[in-house]
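Residues per chain are reported as follows:
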Amino acid sequence: MMVQTVTKKYSFEDYLNYRDDTDLKSELFNGELIQMTPASGWHSDIVDFIQEQFKIEIRRLNLDWVVRPGTVGVRTGIRKSRIPDLLIMTETQRQFLRTLPSAILEEPPLLVVEIVSPNNPDDDYRYKRSEYAALGIAEYWIIDPQNLKISILTLVSGLYEGEELTEENTINSPSFPELKLTAKQILNGL
């Protein structure tokens, strides 16, 4: 006799109201809750470094943008919601989120950054890439510490085009054209 387990399917509304007794964050993927494990120290250093660089550039250019590290979700489908490692949104989006019980954008943020986890690289390179493109997010960075590379992707006619950068290659960001960072600086988190 074969025993089959049934995984509960969550609607987006269920996801918005989901609470458990842990401090773990969860993403919603095709109606299933995917618990996110705490980040590594290297991962955290990269997020902190990029967040600070974005904040400096936003202030320097006097932009009406806000940086959020892993605290704002992005609805990417009927039963899908992701929590990027970092995103940039407008001040209008930030103000709107303040009126909601859960900080989840349903409109595309300006830019998202994902740092590849060693146990699930397909999430960032395949699934999130197609979800973010379908939502219309103009710029998507994939930072891969294991393979020491960064992909800067730009949305063109509904699909991402981009370049892979390593070592001393300088980031070429459409959102931040004057940002002068190398792949090595970002990967080192310094």
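Everything discussed here concerns the structure shown above.
Every chain begins its residue count from 1, and numbering advances along the sequence as written. A pLDDT threshold of at least 70 governs which residues receive local features in this predicted model, and a stricter bar of 80 or more applies before side-chain atom pairs are shown or counted, although totals over entire chains, interfaces and linings include all residues. Working from all heavy atoms in the structure, the side-chain values ignore hydrogens and water.

A. The arrangement of the side chain of D123 in detail. Numbering of helices and strands starts at the N terminus; helices are DSSP runs of H or I of at least 4 residues and strands are runs of E of at least 2. Note on placement: D123 falls in helix 4 (residues 121-135). Burial status follows relative accessibility: with a 1.4 Å probe on protein chains alone, a residue under 20% of its type maximum counts as buried, one over 50% as exposed, and anything between as partly exposed. The charged-residue count follows a simple rule in which Lys and Arg add positive charge and Asp and Glu add negative charge, with His and chain termini not counted at all. Here a salt bridge means any side-chain nitrogen of Lys or Arg lying within 4 Å of a carboxyl oxygen belonging to Asp or Glu. One buried charged residue, D123, forms no salt bridge at all, with the nearest opposite charge on R82 at 4.5 Å. When sequence neighbours within four positions are dropped, the list of residues in contact with D123 reads K128 and R129. Note on contacts: a residue pair is in contact if any heavy atoms of the two residues lie within 4.5 Å.

B. Geometry of the sheet that holds strand 10 (residues 149-156). Note on pairing: DSSP must find at least two bridges between two strands before they are called paired. Strand order across the open sheet formed by six strands is 3-6-8-9-10-11, with mixed pairing between neighbours. Whereas interior strands pair on both sides, the edge strands pair on one side only; in this sheet they are strand 3 (65-68) and strand 11 (159-165). Looking at each pair of strands side by side, their axes are set apart by 20 degrees on average, direction ignored. Lines fitted to C-alpha atoms define the axes here, with helix axes fitted over just the stretch in contact, and angles between the N-to-C directions of these axes take values from 0 to 180 degrees. Docked against the sheet, helix 4 engages strand 8 (111-115), strand 9 (139-144), strand 10 and strand 11, running at close to 170 degrees with respect to strand 9.

C. Region of the structure containing the packing of aromatic side chains. Here the aromatic set is Phe, Tyr and Trp, taking the six-membered ring for Trp, and pairing holds for ring centres within 6.5 Å; pairs whose planes are under 30 degrees apart are stacked, those over 60 apart are edge-to-face, and all others are tilted. Applying the stated rule across the entire model yields five aromatic pairs. A ring pair is formed by F54 and W141, whose centres lie 5.3 Å apart and whose planes are at 65 degrees; its orientation type is edge-to-face. Residue F54 is found in helix 2 (residues 41-61), and its partner W141 is found in strand 9; the two are separated by 87 residues along the sequence. Exposure remark for W141: the relative accessible area of 0% places this residue in the buried category. Taking 4.9 Å as the distance between ring centres and 20 degrees as the angle between the ring planes, the aromatic pair formed by F54 and F176 counts as stacked. Here F54, found in helix 2, pairs with F176, found in the loop between strand 11 and helix 5 (183-188); they are 122 residues apart in sequence, far enough to count as distant. No difference in accessibility class separates F54 from F176, as the two residues are buried. The structure contains a cluster of three or more aromatic residues connected by ring pairs, namely F54, W65, W141 and F176.

D. Structural context of the nonpolar core. The biggest cluster of nonpolar side chains holds 24 residues, and the ones touching the most others in it are I50, F54, W141, I143 and I186. Of all the secondary structure elements, the ones that give two or more residues to this core are helix 2, strand 6 (86-90), strand 8, strand 9, strand 10 and helix 5. In terms of residue count, the dominant contributor to this core is helix 2 (six residues). Among the nonpolar cores identified, the runner-up in size contains 16 residues, and V74, L87, V116 and Y132 belong to it. In this text, buried Ala, Val, Leu, Ile, Met, Phe, Trp, Tyr and Cys residues form a nonpolar core when linked through side-chain atoms within 4.5 Å.

E. Representation of the pattern of salt bridges in the model. If you walk through the whole model with that rule in mind, you get ten salt bridges. Between R59 and E52 there is a salt bridge, and its shortest N-O distance comes to 3.9 Å. Among the salt bridges present, the one from D124 reaches K128, with a minimum N-O distance of 3.4 Å. Of the two residues, D124 and K128 are both situated in helix 4; the distance of four residues between them amounts to about one turn of the helix. In this pair, the class of D124 matches that of K128, namely buried.

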